[in-house]
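Summary of structural features
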Amino acid sequence: HAKENGKNNFQFYTAAMNAVVHDRMEIENGLRHALAKGELVLHYQPQVDIASGKMIAVEALVRWAHPEKGLIPPDKFIPVAEESGLIVPIGEWVLRTACRQNKAWQNMGLPHIRMAVNLSARQFRQPHLLTVVAKAMEDAGLDPNSDSLELEVTESVVMKDLEGTISTLNKLHAMGVRLSIDDFGTGYSSLSYLKRFPINTLKIDQSFVRDITTDADDAAIASTIVTLGHSLKLRIIAEGVETAQQLALLREMKCDEMQGYYFSKPLEAAELEKLLREERRLSG
Ligand code: C2E
Ligand code: MG
Ligand code: MG
Ligand code: MG
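Residues numbered from 1 in each chain as written. Chains lettered and ligands numbered in written order. Predicted model: local features only at pLDDT ≥ 70, side-chain atom pairs only at ≥ 80, totals over all residues. Heavy atoms only, no water.

**Comments concerning the overall build of the protein chain**
Stated precisely, the cut-off is as follows: Labels follow the DSSP assignment, with helices taken as runs of H or I lasting at least four residues and strands as runs of E lasting at least two, numbered in each case from the N terminus. Burial classes: relative accessible area under 20% of the type maximum marks a residue as buried, over 50% as exposed, and values in between as partly exposed (1.4 Å probe, protein chains only). What sets the accessible areas is the Shrake-Rupley method with a 1.4 Å probe; for residues, cover comes only from the shown protein chains. Positive charges come from Lys and Arg, negative ones from Asp and Glu, while His and the chain ends are left out of the count. Lysine's charge is taken at NZ, arginine's at CZ, aspartate's at CG and glutamate's at CD.
For the protein chain, the count of helices and strands is 12 helices and nine strands. The C-alpha extent of the protein chain, read off along each of the three principal axes, is 75 × 45 × 40 Å. Classification of the 284 residues of the protein chain by burial places 46% in the buried group. Here the protein chain displays about 14,600 Å² of accessible surface, and carbon together with sulfur accounts for 54% of that area. When the 32 positive and 38 negative side-chain charges of the protein chain are each reduced to one mean point, those points stand 3 Å apart.

**Quick notes on the packing of aromatic side chains**
Going by this rule: To pair, rings of Phe, Tyr and Trp, with the six-membered ring standing in for Trp, must have centres within 6.5 Å; the planes then decide the type, stacked if under 30 degrees apart, edge-to-face if over 60, and tilted in the middle.
A complete count under the given rule lists two aromatic pairs for this structure. Ring plane angle 75° and centroid distance 5.2 Å describe the contact between Tyr44 and Trp105, whose orientation is recorded as edge-to-face. Of this pair, Tyr44 sits in strand β1 (residues 40-49) while Trp105 is found in helix α3 (residues 87-107), placing the two residues 61 residues apart along the sequence. For the pair shown, Tyr44 and Trp105 are each scored as buried. Seen in terms of ring centroids, Trp64 and Phe77 are 5.8 Å apart; in terms of plane orientation they differ by 80°. Their pairing is edge-to-face. Here the residue Trp64 occupies a position in strand β2 (residues 55-66), and Phe77 occupies one in helix α2 (residues 74-84), the gap between them amounting to 13 residues.

**Concerning the pairing of β1**
To be explicit about the condition: Strands were regarded as paired on the criterion that DSSP finds at least two bridges between them.
When you tally the buried positions in β1, you get nine out of 10 residues, the bulk of the element. In the sheet, β1 pairs with β2 via nine bridges, with the strands oriented antiparallel. From the neighbouring strand, Leu40 faces β2, where its bridge partner is Trp64. The turn linking β1 back onto β2 is made up of five residues, and Gly53 within it adopts a positive phi angle of 75°. Pairing of β1 with strand β9 (residues 257-259), which is carried by two bridges, proceeds in the antiparallel orientation. Within β9, the residue paired with Asp49 across the bridge is Glu257.

**Overview of the site of ligand 1**
Rule in force here: By convention in these notes, a residue is near a molecule or strand provided one of its non-hydrogen atoms lies within 4 Å of it. Contacts described as polar in this section are N or O atom pairs within 3.5 Å, which, within protein, must combine one atom able to donate a hydrogen with one able to accept it, while residues neighboring in sequence count only if both atoms come from side chains. Any residue outside Ala, Val, Leu, Ile, Met, Phe, Trp, Tyr, Cys, Pro, Asp, Glu, Lys and Arg is labelled polar, Gly included; the first ten of those are nonpolar and the last four are charged.
Taken together, 23 residues sit near ligand 1, with Arg63, Asn118, Gln206, Glu242 and Tyr261 positioned nearest. A distance of 2.8 Å separates an oxygen atom of ligand 1 from a polar side-chain atom of Arg63. The contact in question runs from an oxygen atom of ligand 1 to an N or O atom on the side chain of Asn118, over 2.9 Å. For ligand 1, whose accessible area on its own is 800 Å², the fraction buried by protein is 84%. Elements with a minimum of two residues in the shell around ligand 1: β2, α2, α3 and β6 (178-184). Broken down by element, the shell around ligand 1 gets its largest block of residues, four residues, from β2. Across the shell around ligand 1, the residue classes break down as nine nonpolar, seven polar and seven charged.

**Topic: the packing of helix α5 (residues 129-140) against helix α7 (residues 162-174)**
What counts is decided by this rule: In this analysis, axes come from line fits to C-alpha atoms, helices being fitted only over the stretch in contact, and the angle between any two N-to-C directions falls in the range 0 to 180 degrees. Here roughly perpendicular refers to angles of 65 to 115 degrees, roughly parallel to angles under 35, roughly antiparallel to angles over 145, and oblique to all remaining angles. For any helix crossing, the convention is left-handed if the near helix is rotated counterclockwise from the far helix by under a right angle, and right-handed if that rotation is clockwise. It only takes one pair of heavy atoms within 4.5 Å for two residues to be counted as in contact.
One way to put it is that α5 packs onto α7 with a least axis distance of 11 Å and a crossing angle of 20°. In terms of their interaxial angle, α5 and α7 are classed as roughly parallel. Considering how the two elements wind past one another, α5 and α7 form a crossing that is right-handed. Mapping the contact onto sequence places Leu129, Leu130 and Val133 in α5 and Thr168, Lys171 and Leu172 in α7. Across the contact of α5 with α7, the residue classes tally to four nonpolar, one polar and one charged.

Next comes the structure, spelled out in structure tokens:
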């Protein structure tokens, strides 16, 4: 009996594994052409100053508008892109598109906002990163010292090869780029290095925000990140804020900014533009 079950399980797993491998290959093959075919799109999610309620930045989030499968979220293809190396041209496209979009909004006379762009591990370690970033800003016509671009790198990425990280971050900082540590609290930060990074912002990972009003441990972690960040003169942004209760608690903790469905989901460029027009109307 046991033998039979074992065999069945084996066949089951093999079939499941084949499906996974097949999916992956399909994604990788499709992704090779997605860029050239113009199937990648950026959505933009507001980041809001908690004290004033003003939108001060947006995060560019890539999606794949697949002709048959519809809109594919980044979690489904970024890891494949990262492993295959396709993340390098894709990331460059994201950066260039995001910079051009921000310049287009500036040219329309809309309120100034920062554009936050995610960098993957491979992009961050790429020797050409500095050139790619400088050229993206220059080609878009973005003034480097105008607080127009912020790069987000995850905690787990910056905490590897610490001397390399410091050197790369220093060069980006010298170019006038703002820097934030994404998904903060999920990795193992060396606090002595955190102090040496020329960063501006820590993003509290959404896993701590989700149950912040009911889980005392999560609330303690979030509050500790705010205190730690402030003592290092950093701004703190909470990700994944979905309710007024979460926001109220974060405000009490003196968290500086928030990003999440409570204010807005990631939006297409045209929708985000409407929000900016609304902000301009309210302020003037
Ligand atoms: P991330 O950089 O931590 O981005 C935040 C994610 O949280 C986004 O998911 C966003 O839509 C989601 N989110 C925001 N507010 C809420 C909320 O209130 N509730 C919930 N449940 N989720 C919320 P998204 O767009 O699916 O992106 C997932 C991840 O994919 C990103 O996490 C980032 O790591 C990666 N990614 C997205 N775009 C890019 C890109 O252009 N380049 C690279 N390298 N990675 C990207
Ligand atoms: Mg991010
Ligand atoms: Mg994050
Ligand atoms: Mg994340």
